[in-house]
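Results of the structural survey
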Amino acid sequence: MWSLSTKMNGGLTTKDYIEDYCIYRIRQDTRNTPNYEHVRDDPCNAVAARIREIGTQIETRNPDFFARVCDQLNVNANTAYAQFKDLADELFRDSQNGHQGVSWGRIAALIAFSGRLALHCATHDMEDMVPSVIGWTARYLDNNLNNWMGEHDGWDGFMTFFDSNAEDNRAQEALEAFMKKAFTYAAVGVVVAGLASMIMKK
């Protein structure tokens, strides 16, 4: 058993990796991050580097889609976490039998979305919500996916899943899974009845 409080991969926790990616994503848009000087411009280890690489690949395959989802979530301090959690729950819901449809690809898609949401907050006068986005994502992984991640070799399993020979296909699969799970939810604000039959299981 391991959790966010457990140090791994060179002394980093899962929350550290989420923070690293979100701040990296904001800086990619040439935005300053004055409260995050401790986050290095260069990735601190191979896992952080791979998360940055895969997250960027996922988003850049359809950046307009990620921007629309952020806009349609209508983030604010009162409702943001509930909306974020509902969207994440839908992403990891198995389209066949109601069980969690967890994969490293979907975890990567959630991290990519979190980075884009952090950027959205930073560019819409909501900089104070960037730590919240990081915390929501870390908390969701710890509370809901911790056991699955531990059973699949932790971040070493992530590295294996996105090895250099498969990362392009894996990134595309992750994007498709997120789009099919999130698009209708973001557009109407609820999970539409019968959506599962329309979603490709990844």
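Naming follows an unreviewed UniProt entry, where the protein chain appears as Bcl-2-like protein 1 of Holothuria leucospilota.

Moving on: helix α2 (residues 46-60). Because an α-helix completes one turn every 3.6 residues, residues spaced three or four positions apart along the sequence face the same direction. Counted at 1.5 Å a residue, the expected span for α2 with its 15 residues is 21 Å, and the 21 Å between its end C-alpha atoms agrees. Restricting attention to buried positions, one finds in α2 the residues V47, A48, R50, I51, R52, I54, G55, Q57, I58 and E59. The backbone nitrogen of V47 lies 3.2 Å from a side-chain oxygen of the residue at the head of α2, namely N45.

Nonpolar side chains in soluble globular proteins tend to be buried together. Core analysis: the largest hydrophobic core is formed by 58 residues, its most contacted members being W104, I107, F113, V130 and W155. Going through the elements one at a time, α1 (14-28), α2, α3 (63-73), α4 (80-91), α5 (104-122), α6 (130-151), α7 (154-161) and α8 (167-188) are the ones with two or more residues in this core. When neighbours within four sequence positions are excluded, I107 is seen to be in contact with F92, V102, L141, L145, W148 and M149.

What follows is about unusual backbone geometry. For D125, which is not glycine, the phi dihedral falls at a positive 55°. Mapped onto the secondary structure, D125 falls in the loop between α5 and α6. Non-glycine residue D153 carries a positive phi angle of around 70°. Structurally, D153 can be placed in the loop between α6 and α7. What makes D153 exposed here is its relative accessible area of 58%.

Note on placement: R25 falls in helix α1. Along the backbone, R25 and S114 are 89 residues apart, and their C-alpha atoms lie at a distance of 9.4 Å. Discounting chain neighbours no more than four positions away, the residues touching R25 are E59, G115, R116 and L119.

Turning next to the packing of aromatic side chains. Enumeration according to the criterion identifies 13 aromatic pairs in this entry. Look at W155 and F158: their rings are 5.4 Å apart centre to centre, the planes differ by 70°, and that puts the pair in the edge-to-face class. Of this pair, W155 and F158 both sit in helix α7, three residues apart, which is roughly one turn of the helix. Accessibility assignment for this pair places W155 and F158 in one class, buried. Here F161 and F162 contribute two aromatic rings whose centre-to-centre distance is 4.9 Å and whose plane-to-plane angle is 80°, an arrangement assigned as edge-to-face. Relative accessible area serves as the criterion here: at 19%, F161 is assigned to the buried category. Overall, F162 belongs to the buried group, its relative accessible area being 0%. Clustering of aromatic rings is evident, with ring pairs tying together Y17, W104, W148, W155, F158, F161 and F162. Its end group placed over the ring of Y81, R139 keeps NZ or CZ at 4.1 Å from the ring centre.

At a minimum axis separation of 9 Å, α1 and α6 run at an interaxial angle of 140°. Compared by their axis directions, α1 and α6 come out oblique. Crossing of α1 over α6 shows right-handed handedness. Along the contact surface, α1 presents T14, K15, I18, E19, C22, I23 and I26, while α6 presents V130, I134, T137, A138 and L141. Residue classes in the contact of α1 with α6 are distributed as eight nonpolar, two polar and two charged.

This part takes up the packing of α1 against α2. Contact pair α1 / α2: the axes reach a minimum separation of 10 Å and the direction vectors enclose 50°. Considering their axes alone, α1 and α2 lie oblique with respect to each other. The interaxial crossing formed by α1 with α2 has right-handed handedness. Counted together, Y17, D20, Y21, Y24 and R25 of α1 and V47, A48, I51, R52, G55, T56 and E59 of α2 form the full contact between these two elements. Considered class by class, the residues forming the contact of α1 with α2 number six nonpolar, two polar and four charged.

Cut-offs and rules
- Residues numbered from 1 in each chain as written.
- Predicted model: local features only at pLDDT ≥ 70, side-chain atom pairs only at ≥ 80, totals over all residues.
- Heavy atoms only, no water.
- Helix = DSSP H or I, 4+ residues; strand = E, 2+ residues; numbered from the N terminus.
- Expected span 1.5 Å × (residues − 1).
- Buried < 20%, exposed > 50% of the residue type's maximum accessible area, 1.4 Å probe, protein only.
- Polar contact = N/O pair within 3.5 Å; in protein donor to acceptor, adjacent residues only side chain to side chain.
- Core = buried A, V, L, I, M, F, W, Y, C linked by side-chain atoms within 4.5 Å.
- Contact = heavy atoms within 4.5 Å.
- Phe/Tyr/Trp six-rings, centres within 6.5 Å; stacked < 30°, edge-to-face > 60°.
- Lys NZ or Arg CZ within 6 Å of the ring centre and 35° of its normal.
- Axes fitted to C-alpha atoms, helices over the stretch in contact; angles between N-to-C directions.
- Parallel < 35°, antiparallel > 145°, perpendicular 65-115°, else oblique.
- Left-handed = near helix turned anticlockwise from the far one by under 90°.
- Nonpolar A, V, L, I, M, F, W, Y, C, P; charged D, E, K, R; others polar.

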